[in-house]
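As a plain string of letters, each chain reads:
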Amino acid sequence: MTDKNQDIDQETGVETTGHDWDGIKELNNPLPRWWLWCFYLTIVWGIGYVIAYPAWPLVNGATAGLLGYSTRAEVATEIARFDDLNADLRTALAAADMTTLGEDQDLQRFAVAGGAAVFRANCSQCHGSGANGAKGYPNLLDDDWLWGGDIETIVYSIRHGIRNELDDDAHYSQMPAFGEILETEEISALVQHVRSLSGAEYDAGLAATGADLFLENCSDCHGETGLGDREQGAPNLADAIWLYGGDPATLEQTITYSRFGVMPPWGTRQVNAVAAYVHQLGGGE
Amino acid sequence: MNTPDTPPLFAAQEPIFPRRVTGAFRRFKWWIMAVTLGIYYLTPWIRWDRGPSLPDQAVLVDMANRRFYFFWIEIWPHEFYFVAGLLIMAGLGLFLFTSALGRVWCGYACPQTVWTDLFILVERWIEGDRNARVRLWKTKWDFRKWRLRLTKWLVWLLIAVSTGGAWVFYFTDAPRLAVELVTFTAHPVAYSTIAILTATTFLFGGFMREQVCIYMCPWPRIQGAMMDDDTLTVAYRDWRGEPRAKKRVEDTGDCIDCMACVNVCPMGIDIRDGQQMECITCALCIDACDDVMDKIGKPRGLIDYLALADEPAERAGDPPRPIWKHALRPRTVLYTALWSMIGFGLVFALFIRADIDLTVEPVRNPQFITMSDGSVRNTYNIRLRNKHGEARDFRISLTSESILRIRQEGSASNILTVPPDSTTQHRVYVIARPQDEAAHTERTGLRFWIEDTKNGERAHRDSLFNGKAN
Ligand code: SF4
Ligand code: SF4
């Protein structure tokens, strides 16, 4: 290429490349020799790199490289490393006395952070990502608990679940479907009485009838004043919180057909962590 | 491949043997070298007390804990804009100096120039001045040459090691690291950093020198865009010096062609060929030439700081315009204005930085919940930052037009404790009883107050309370 071009720049006496941009020409000065050596070095380096590391794309994946390096393996080692770092905490948590967990700040933090993740993966489908529940699925943020809100009961409830067939130790209770026992009018009267318990608007005449029916049929589990019984998972009817709804229609439905909320048993793995998380959501006792 | 009249594609580096020179600019450059190197080597050793749990190193870039300490200033990652601002100021400062004085940065302050200067100084001490060095370069590799070369390389290496060594002290407690380094217990990263910086210092200061400036550094390419006809650069008054002649006859110019300016040039160029790419405006040729002019009884300034704009006037015999007229022009005024604007902005931002850093994040999943007694509860995540060296207790309270109560998760008190040098998150609940208005109002404004229990400093944040809107 160079020998065809004999354009010499007047000022410097150096040959130009012959390229001309609006009258500006490029001098063809020689490059420094060390630059050339660096260039060769990068080629050698490149060849070495291709041999040592994954490089050429193949149909499935790429050439592995002599060093056997893989980003996936690196991530796996990193995860394993952190698991190892947390091993002590995990063992400590599994064996921890949950009632005094708060005394060990590190353990508590580890439990709550881990529990939050486990909760989002396993519990949020029913209880909601904010743990505020949904119709039929208890809100875990408030101070109303069906089976108890102290840490040990929470652990128990999660471990064995509620009204399931899988775990013989699951919390169990069943409210009769009063549609088969009481007349429709009687149920309407009961509804009015139940509403009166929690301070909602009610029909005084019907409620008076309902009060007697309540004592006869309901007070065994829900208590004479409707405060409920955690031993049996019988809800408190005198508070402002309703699992299925406190309006007359829903109440009628509940009494007529009963309710049967089920939670599966979650075994033992990470239960302490989830319990610690749930317990510190604002309602723990 | 090369025919006789085509230049080679690649050329070997031309050896350069800068001669010793004395004069005002050289003295000035020695001072700059002493001050910059002094700052570089000594800064990590300055101590600054910040309380028990913070480091006492005045300037420290603490990567692991993500803190930057500069005397009384402490910068957290979320304040990185200070660093960005400083970098922008550095950039604009370079623009300003380049447009006014050409490549002053290159000539006086660039580490490449300063360290090369230092390396040349060592070279001169060991191998002698220019002529001795040229002779040594030409002789065969006998015992004396080996001895001189090895001594020189050894001293260079020592400088290079201490250069790399000083760098790592900026990133961790210097005295402790120094002990670790000599007992071989320091982190491998410290050693590899020192090794890399040693290698680059040794290579760039000892061997690459002008090659770095000509071929590797991007800055000269950018500088070209900042210079104009009024920029002062080192130049040769050829109308005064030409025709040059070794022998003084009538009609000859002031240049006696003694090559002093060429011999002192660290870039190995002849400034009499005009302003050129290689020149870093180190001004050593000015010193060299002034010396010669003094000797032959001619006025100084045959080589001088000149602006291109003055050339026609000077050729016509008029004096050059005063320096301030060149320095003061829209471009430099603009750079100065921008530079100081950012500077003032940063200082201002530094002074209005709140000592208490408080953020309130209302939890909106769910917006509110009903408690068994019918009261309505909202949840807020409060984030508090404590930059002090000791733990701080903050009392939290709230003000609102409606009646609201506040409670902290996991504690009966309203004191939030933040350990030293850390950020903590606290969950607080705000509760409206059923009979309170806020319980039934869709939104109620409220203001959280945080007060340091010790010194009474306060901060507040506004937020909203969600009630049950019927
Ligand atoms: S050209 Fe680059 S390396 Fe050389 S002195 Fe200027 S800024 Fe420094
Ligand atoms: S020509 Fe003069 S100012 Fe430019 S690099 Fe050489 S000695 Fe320095």
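Residues numbered from 1 in each chain as written. Chains lettered and ligands numbered in written order. Predicted model: local features only at pLDDT ≥ 70, side-chain atom pairs only at ≥ 80, totals over all residues. Heavy atoms only, no water.

Enquirer: For this particular structure, what's the right way to read the interface of chain B and chain A?
Expert: Bring the parts together and some accessible area is lost; that lost area is often taken as the interface size. Contacts between chain B and chain A engage 25 residues on the former and 27 residues on the latter. Summed over both sides, the interface of chain B with chain A buries roughly 2200 Å², with 58% coming from carbon and sulfur. Viewed at the interface, chain A and chain B are joined by 0 salt bridges. At the junction of chain B and chain A, the tally comes to 11 residue pairs in polar contact (both at pLDDT 80 or more). Among the elements of the structure, strand E1 (10-11), helix H9 (210-216), strand E8 (369-370) and strand E13 (422-432) of chain B are those that each provide at least two residues to the side of chain B that touches chain A. Here the side of chain B that touches chain A takes 3 residues from H9 of chain B, the largest share from any one element. The residue makeup of the side of chain B that touches chain A, split by class, is 13 nonpolar, 6 polar and 6 charged. Here strand E3 (residues 31-32) of chain A runs beside E1 of chain B; their pairing, made up of 2 bridges, is parallel. The residue of E1 of chain B that forms the bridge with Pro32 of chain A is Ala11 of chain B. (Contact = heavy atoms within 4.5 Å. Buried area = accessible area lost by both parts, 1.4 Å probe. Salt bridge = Lys/Arg side-chain N within 4 Å of Asp/Glu carboxyl O. Polar contact = N/O pair within 3.5 Å; in protein donor to acceptor, adjacent residues only side chain to side chain. Helix = DSSP H or I, 4+ residues; strand = E, 2+ residues; numbered from the N terminus. Nonpolar A, V, L, I, M, F, W, Y, C, P; charged D, E, K, R; others polar. Pairing = 2+ DSSP bridges.)

Enquirer: Can you help me understand the site of ligand 2 in this one?
Expert: Residues in contact with ligand 2, as listed here, are Val234, Cys265, Pro266, Met267, Ile269, Ile271, Cys279, Ile280, Thr281, Cys282, Ala283 and Cys285 of chain B. Residues that form the shell around ligand 2 fall into these classes: 11 nonpolar, 1 polar and no charged. (Near = heavy atom within 4 Å.)

Enquirer: Sorry, what's going on with the site of ligand 1 here?
Expert: All names here are of chain B. Surrounding ligand 1, one finds Arg103, Trp105, Cys106, Cys110, Gln112, Thr113, Cys213, Cys217, Trp219 and Pro220. Of all the secondary-structure elements, those providing two or more residues to the shell around ligand 1 are helix H3 (104-109), helix H4 (111-127) and helix H10 (219-223). Here the residues of the shell around ligand 1 are counted per class, giving 7 nonpolar, 2 polar and 1 charged.

Enquirer: How should the sheet that holds strand E4 (residues 73-75) of chain B be read in this particular structure?
Expert: Pairing between the strands of a sheet comes from backbone hydrogen bonds, and it takes one of two forms, parallel or antiparallel. Residue and element names in this part refer to chain B. Pairing in this open sheet of 3 strands is antiparallel, and the strands run E2-E3-E4 from one edge to the other. Two strands bound the open sheet, and with one partner strand each, they are strand E2 (59-62) and E4. Mean inter-strand twist for the sheet, computed between neighbouring axes without regard to direction, equals 10 degrees. Note: E2 against strand E3 (residues 67-70), 4 bridges, orientation antiparallel. Looking at E3, one finds that Asp62 is bridged to Arg67. (Axes fitted to C-alpha atoms, helices over the stretch in contact; angles between N-to-C directions.)

Enquirer: What am I meant to see in the packing of helix H2 (residues 71-94) of chain A against helix H3 (residues 105-122) of chain A here?
Expert: Geometry of a packed helix pair, given as the angle between the helix axes and the separation of the axes. Residues and elements named next belong to chain A. For the pair H2 and H3, the least separation of the axes is 10 Å and the interaxial angle reads 90 degrees. On the basis of their axis angle, the class for H2 and H3 is roughly perpendicular. Here H2 contributes Asn86, Leu89, Arg90, Ala92 and Leu93 to the contact with H3, which in turn contributes Asp106, Leu107, Phe110 and Ala111. Of the residues in the contact of H2 with H3, the class split is 6 nonpolar, 1 polar and 2 charged. (Parallel < 35°, antiparallel > 145°, perpendicular 65-115°, else oblique.)

Enquirer: Explain the environment of Tyr257 of chain A to me, please; I cannot follow it from the model alone.
Expert: Residue and element names in this part refer to chain A. Position of Tyr257 among the secondary structure elements: in helix H9 (residues 248-257). Owing to a relative accessible area of 61%, Tyr257 belongs among the exposed residues under this scheme. Linking Tyr257 and Arg81, residues 176 residues apart in sequence, is a C-alpha distance of 54 Å. (Buried < 20%, exposed > 50% of the residue type's maximum accessible area, 1.4 Å probe, protein only.)

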